[in-house]
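# Descriptive structure summary
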Amino acid sequence: MGIKEIKSPEVLPETPPMVTMEENPESLKSKKLGMYFVESDNRRSPFAGGYTTLGTTPVNIHGKPITDLSRTGGWVAAFFIFGNEMAERMAYFGLSVNMVAFMFYVMHRPFTSSANAVNIFLGISQASSVLGGFLADAYLGRYWTIAVFTTIYLLLSLLLGNCEPAKRWQMLYLYAVLYVTGFGAAGIRPCVSSFGADQFDERSRDYNSNLDRFFNFFYLSVTLGAIVAFTAVVYIQMKHGWGFAFGALAIAMGISNVVFFLGTPLYRHRLPGGSPLTRVAQVLIAAFRKRNASFDTSEYIGLYELQGTRSAIKGSGKIAHTDGFRWLDKAALRLKEDEMNTSPWQLCTVTQVEEVKILLKLIPIPTCTIMLSVILTEYLTLSVQQAYTLNTRMGHLKLPVTCMPVFPGLSIFVLLALYYTVFVPLSRRITGHPRGASQLQRVGLGLVISIVSIGWAGVFERYRRNYAIRQGYEGSFLSAMPGLSAYWLLIQYCLIGLAEVFCIVGLLEFLYEESPDAMKSIGSAYAAVAGGLGCFVATILNNVINSVTGGGDELEKRQNSWLSQNINTGRFDYFYWLLTGLSIINFCVFVYVSRRYKYRVKA
């Protein structure tokens, strides 16, 4: 097979003459590495001839190209996905918000133990999303991954709904079902948003605006599910008991399944590209094997790539060469010795190397959102403790404490309703960005608002604690103080809701657009993994604070810890301010990494 030398897609100040590396190996010394690379058909691998169609071409459920795109995908298909996500999030949040109170009041577990158990559930359900993303990108595709895991989720919800919590031995049963249910959510979370975005034609001139609106509406469906969970499910629990409440969550998962499968004839699919972990391992091993090779050596022919528009990766188009992570380019470094051995474990294509580069350079951005997840996790448990000491009456209506988390959802709902009529026009005047703000700008804005939220939480908690001591409630941490309204908590709740919608929606859109074509689900899983790590960090932080600020014996520790079960003797205000300081440091790191980030240039 012949080898043809081609130009790198980089824009250079001067176009050099076409030369071969064998004729003039010294010509690379003063030029960028991406100046030249070679195309070849000589690949002894399963990818021998490459894939002749564009990697992002949508197919039907049978893997065949869709001849008439107007009959599939678009907003009609997206609305089935919105309905599926709303019902699934209702089950997820309903389980999360009720489980703390269930373990505390029914199972008689300490509040800290109950909160940590739920934090671990939340962490597992998010951090294990990388498993679902891997299966979707490698073998099953996003549709079948969602179908399998959502069915598992439903079956486990039915088991939880049949639990009789009064029996002691069911504690082990409860933990087992709870944590396995978390794994059941793993296949849903990283795939649903990406699968919904797949329904839009990237060749359409409205693609960017449709994608922007899709992620906002997608998060709106998440919010509506949460609002129903924090109101209707809580009402069912109060009126009919825990069994009916958990049964309602199983019904919600059943509705989620039905809605998803009803949309099957309308969905557009993307072909799975084979194991991404294998491709990553091939690049790392090939680069390691050639770690001592030099780009200036006379043995250097060029960087390896397949000819024309073909890609060695099913489900992916070609990716242009970039100058970052130069040490990984050695995996695509074609030497004379590679003429007889083009195994992908010895020689990788430029596109394969660029996939790994993209995965690496994406990591710092979602990592900076872990702190937001820590705050959200702490609010889900600690704010409930605050609300128990406050007056939750609104006129003649007394709201249950477990309904308080509905207010962040309401603030998200209001923001998304006004997003395109108020926020985008105003921010467009400031930034000049056609969509109001770039994805990373929205993530940064969300982090700033989260700092304000947690800072205010510390200020209010200091006032609440001092008020409780002055009024003689120091030892009555489960008694509501009629003179202090719980609706002061709405400030921190609404601010964190705004922070969440800016940060998470911007992050999901950013990861989908920046991820490699054949790794969209794994890219989306980055956001879920960051959320899961935030839950684990919150658990670890709680345990560290209890150890450091508690006394010597167990009784003294419970009384003096910042996170004491008696909130009126604890120092939640100090803890909130600690989170404020950590959030400020985190934001500074985000500014640094986001300013250095270079958006992907589509080939």
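Please refer to the structure higher up on the page.
Keep in mind that what you see is a predicted model, and the values were worked out from it rather than measured.

The next thing to look at is the overall build of the protein. Tallying secondary structure elements over the protein gives 17 helices and eight strands in all. Per-residue burial over the protein gives 59% buried out of 603 residues. Nonlocal contacts in the protein, meaning residues at least 24 apart in sequence, comprise 84% of its contacts between residues at least 6 apart. When the accessible surface of the protein is split by element, carbon and sulfur atoms take 64% of a total near 25000 Å².

Within this structure, the stated rule accounts for 30 aromatic pairs. Geometrically, the ring pair formed by F510 and Y599 is edge-to-face, given 6.1 Å between the ring centres and 80° between the ring planes. Placement of the pair is F510 in helix α14 (residues 489-514) and Y599 in the segment after α17 (572-596), with a sequence separation of 89 residues. Residue F510 is classed as buried on the basis of its relative accessible area of 0%. Assessed through its relative accessible area of 36%, Y599 is described here as partly exposed. Connected via pairs of aromatic rings, a cluster forms that spans W75, F79, F82, F200, F214, F215, F217, F218 and Y512. Between the NZ or CZ atom of K361 and the centre of the ring of Y597, over which it lies, the distance is 5.1 Å.

We now examine the packing of helix α13 (residues 439-470) against α17. α17 packs onto α13 with a crossing angle of 165° between their chain directions and a minimal axis gap of 8 Å. With respect to α17, the element α13 is oriented roughly antiparallel. In this structure, α13 meets α17 at a crossing whose hand is left-handed.

Formed by 118 residues in total, the largest nonpolar core has its most connected members in F214, F215, V501, F510, Y576 and L579. If sequence neighbours within four positions are ignored, Y576 has contacts with Y379, L382, S383, Q386, I454, A457, G458 and E461.

Next up on the list: unusual backbone geometry. Look at F325: it is not a glycine, yet its phi comes out positive at around 50°. In this structure, F325 sits in the loop between β3 (300-305) and β4 (333-335). Assessed through its relative accessible area of 34%, F325 is described here as partly exposed.

Time to look at the side chain of D329. For D329, the location among the structural elements is in the loop between β3 and β4. Looking at D329, its side chain comes within polar contact range of the side chain of K357, at 3.0 Å.

Turning our eyes to something else, we now look at the side chain of N84. Relative to the helices and strands, N84 resides in helix α1 (residues 74-106). Within the structure, N84 has its side chain in polar contact with the side chain of S256 (distance 2.7 Å).

Parameters and conventions
Residues numbered from 1 in each chain as written. Predicted model: local features only at pLDDT ≥ 70, side-chain atom pairs only at ≥ 80, totals over all residues. Heavy atoms only, no water. Helix = DSSP H or I, 4+ residues; strand = E, 2+ residues; numbered from the N terminus. Buried < 20%, exposed > 50% of the residue type's maximum accessible area, 1.4 Å probe, protein only. Contact = heavy atoms within 4.5 Å. Areas by Shrake-Rupley, 256 points an atom, 1.4 Å probe, with all protein chains shown as cover. Phe/Tyr/Trp six-rings, centres within 6.5 Å; stacked < 30°, edge-to-face > 60°. Lys NZ or Arg CZ within 6 Å of the ring centre and 35° of its normal. Axes fitted to C-alpha atoms, helices over the stretch in contact; angles between N-to-C directions. Parallel < 35°, antiparallel > 145°, perpendicular 65-115°, else oblique. Left-handed = near helix turned anticlockwise from the far one by under 90°. Core = buried A, V, L, I, M, F, W, Y, C linked by side-chain atoms within 4.5 Å. Polar contact = N/O pair within 3.5 Å; in protein donor to acceptor, adjacent residues only side chain to side chain.

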